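Architecture and fold: a report
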There are 2 protein chains.
Amino acid sequence: MDCVVFGYDDGDLKVMLIQRKLKPFKGNWALPGGSVRLDETLDEAARRELVEESGLNNVYLEQLYTVGDIKRDPRERVVTVAYYALVKLVGHNVQASTDAENAAWFSVNDVPKLAFDHQRILDKAFERLKGKVRYEPIGFELLPGKFALSELQHLYEVCLEEKLDKRNFRKKILGMGLLIGTGEIQKDVAHRAARLYRFDMKKYRQIKKRGFSFWL
Amino acid sequence: MDCVVFGYDDGDLKVMLIQRKLKPFKGNWALPGGSVRLDETLDEAARRELVEESGLNNVYLEQLYTVGDIKRDPRERVVTVAYYALVKLVGHNVQASTDAENAAWFSVNDVPKLAFDHQRILDKAFERLKGKVRYEPIGFELLPGKFALSELQHLYEVCLEEKLDKRNFRKKILGMGLLIGTGEIQKDVAHRAARLYRFDMKKYRQIKKRGFSFWL
DNA sequence: TATCTTTGTGTAATATAAACACAAAGAAGT
DNA sequence: ACTTCTTTGTGTTTATATTACACAAAGATA
């Protein structure tokens with residue numbers, strides 16, 4: 001079980017990596033992961049690992065795919081189920097390192113050489129995120145509960161690797177009626193403060209049942 | 001490893017099932033599947049199973065997801081990687097049964113009670129097919145090499161579970177420039193014979209690289 | 001020759017997406 | 001107090017894509 005943990009911080013999409021302390025690829029950076037216990041489902045295992053390695057609870061988690069190439073682990077044949085997670089870095093004050101393991105966040109576009117086939121898994125996870133962020137409102141999982149529209153737009157630009165038009169973006173996202181103005185505004189910014197919104201997940205789930213589809 | 005094998009025949013989307021000869025769920029219908037050997041990748045295992053159980057070679061095959069619920073097999077904890085396959089039933093004259101196993105094709109909308117959690121897997125596979133058929137040209141994997149536009153449209157209607165407008169469908173699919181008229185027409189039909197087309201996979205792969213995206 | 005089913009074709013109306021610029025808020029510096 | 005700077009917030013026009021819709025002719029059958 002391996003997990004690609006994405007976070008968004010400082011206007012940049014990050015991924016959490018840990019430095020291996022054990023033999024194959026010792027010292028290399030790798031995706032956090034572990035073994036699935038006999039008394040837990042795959043999803044439970046992924047969630048447990050996430051708590052153990054990052055202290056993060058209650059995050060968006062989704063199965064990615066399963067890799068079973070014969071030589072992916074030099075020692076023996078290892079099949080791994082890969083997951084990816086989206087976590088709210090800002091404000092959550094994540095301790096990236098637990099267990100005395102060396103863990104850190106890297107920009108997805110500037111990742112060191114990874115152990116095993118973890119780069120391939122990371123690529124696949126990013127691709128999935130890129131595809132899914134358009135038709136499911138998962139981008140919000142990476143932002144704090146309250147955010148400015150410009151932050152949301154920038155997140156989308158990073159995930160999609162493409163520039164978006166400000167007015168069209170706002171028209172579309174506000175037109176869906178899923179953002180609620182909190183009445184609050186940004187603080188401690190060196191320019192005009194933007195209004196803060198939150199995503200109305202409850203409403204989304206309701207209208208989704210009635211055939212609404214998110215699209216950006 | 002389990003595999004959801006879809007076929008399209010008689011204007012209907014079918015799925016291949018085998019009747020279990022062994023203990024848990026003996027006599028019940030189930031998805032074809034088997035164990036992954038130590039010297040083969042997951043994809044190879046799926047392909048091998050497919051040949052063994054249906055004689056089918058060279059089919060579209062894709063990993064679906066991995067299920068690891070604790071009690072899905074009453075005997076012990078079994079994790080299975082589910083695949084789905086799209087096969088050209090018409091003309092290929094598939095022997096659905098090999099191995100003295102009892103195998104048969106069922107309409108996806110009229111499936112008997114399945115062993116294990118196979119109904120869930122089937123549902124998930126159908127959902128994936130439904131989603132993917134719109135943005136990847138995988139529908140053609142279910143049709144014979146040469147087909148009439150009305151057949152293609154009907155296949156899409158079955159996969160998407162929605163009626164399509166004939167003129168708009170033809171406009172769009174022909175407009176992509178990926179169908180080649182073979183010059184041939186239908187034979188042995190009790191009405192005006194339709195022109196036959198084939199899908200230009202080579203061209204698709206080329207223009208896909210240049211950013212073209214299939215959409216229906 | 002009449003009947004039946006299915007093919008093959010175009011246009012107008014509507015909806016969606018894309019392109020585009022500027023005034024005002026508010027913090028920082030002078 | 002004033003100027004400068006960065007960022008917010010807002011509509012309209014144009015182009016493109018999607019939807020809705022009907023009928024003549026092909027060819028098999030009786």
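Refer to the structure above for everything that follows.
Conventions used here
- Residues numbered from 1 in each chain as written.
- Chains lettered and ligands numbered in written order.
- Predicted model: local features only at pLDDT ≥ 70, side-chain atom pairs only at ≥ 80, totals over all residues.
- Heavy atoms only, no water.
- Contact = heavy atoms within 4.5 Å.
- Buried area = accessible area lost by both parts, 1.4 Å probe.
- Salt bridge = Lys/Arg side-chain N within 4 Å of Asp/Glu carboxyl O.
- Polar contact = N/O pair within 3.5 Å; in protein donor to acceptor, adjacent residues only side chain to side chain.
- Helix = DSSP H or I, 4+ residues; strand = E, 2+ residues; numbered from the N terminus.
- Nonpolar A, V, L, I, M, F, W, Y, C, P; charged D, E, K, R; others polar.
- Least-squares fit on C-alpha atoms with pLDDT ≥ 70 in both.
- Phe/Tyr/Trp six-rings, centres within 6.5 Å; stacked < 30°, edge-to-face > 60°.
- Buried < 20%, exposed > 50% of the residue type's maximum accessible area, 1.4 Å probe, protein only.
- Lys NZ or Arg CZ within 6 Å of the ring centre and 35° of its normal.

**Side note on the interface of chain B and chain A**
Residue-level contacts link 18 residues of chain B with 18 residues of chain A. Taken over both partners, the interface formed by chain B and chain A buries close to 1100 Å², and the fraction arising from carbon and sulfur atoms is 57%. For the pair chain B and chain A, the interface holds zero salt bridges. Taken together, the links from chain B to chain A amount to nine residue pairs in polar contact (both at pLDDT 80 or more). Of all elements in the fold, only α1 (42-54) and β4 (60-67) of chain B reach the threshold of two or more residues within the side of chain B that touches chain A. By residue number, the principal contributor to the side of chain B that touches chain A is β4 of chain B, which donates four residues. The residue inventory of the side of chain B that touches chain A, partitioned by class, reads eight nonpolar, four polar and six charged.

**Points about the relation of the copies chain B and chain A**
The two copies are related by a screw motion: chain B maps onto chain A through a turn of 180° and a shift of 0.0 Å along the axis, at an RMSD of 0.0 Å. With respect to symmetry, the two chain copies, as superposed, fit the operation of a two-fold axis. Across chain B, the smallest distance between a C-alpha and the rotation axis is recorded for Tyr65 of chain B, namely 3.1 Å. Mapped onto chain A, 100% of the interface residues of chain B are again interface residues, and the two copies thus contact each other with one and the same surface.

**As for the packing of aromatic side chains**
In total, this model carries 19 aromatic pairs over all chains according to the counting rule given. With centroids separated by 6.0 Å and ring planes inclined at 55°, the aromatic side chains of Tyr156 of chain A and Phe169 of chain A adopt a geometry described as tilted. With a gap of 13 residues between them, Tyr156 of chain A in helix α3 (residues 149-160) and Phe169 of chain A in helix α4 (residues 166-175) connect regions that are remote in the sequence. Seen from their ring centres, Phe140 of chain B and Phe147 of chain B are 5.7 Å apart, and the 40° between their planes marks the pair as tilted. Residue classification places Phe140 of chain B among the buried residues on the basis of a relative accessible area of 5%. Accessibility expressed as a relative area gives 1% for Phe147 of chain B, which makes it buried. Through pairs of rings, three or more aromatic residues link up here, namely Phe140, Phe147, Phe199, Tyr204, Phe212 and Phe214 of chain A. Over the face of the ring belonging to Tyr65 of chain A we find Lys124 of chain A, whose NZ or CZ atom lies 4.0 Å from the ring centre.

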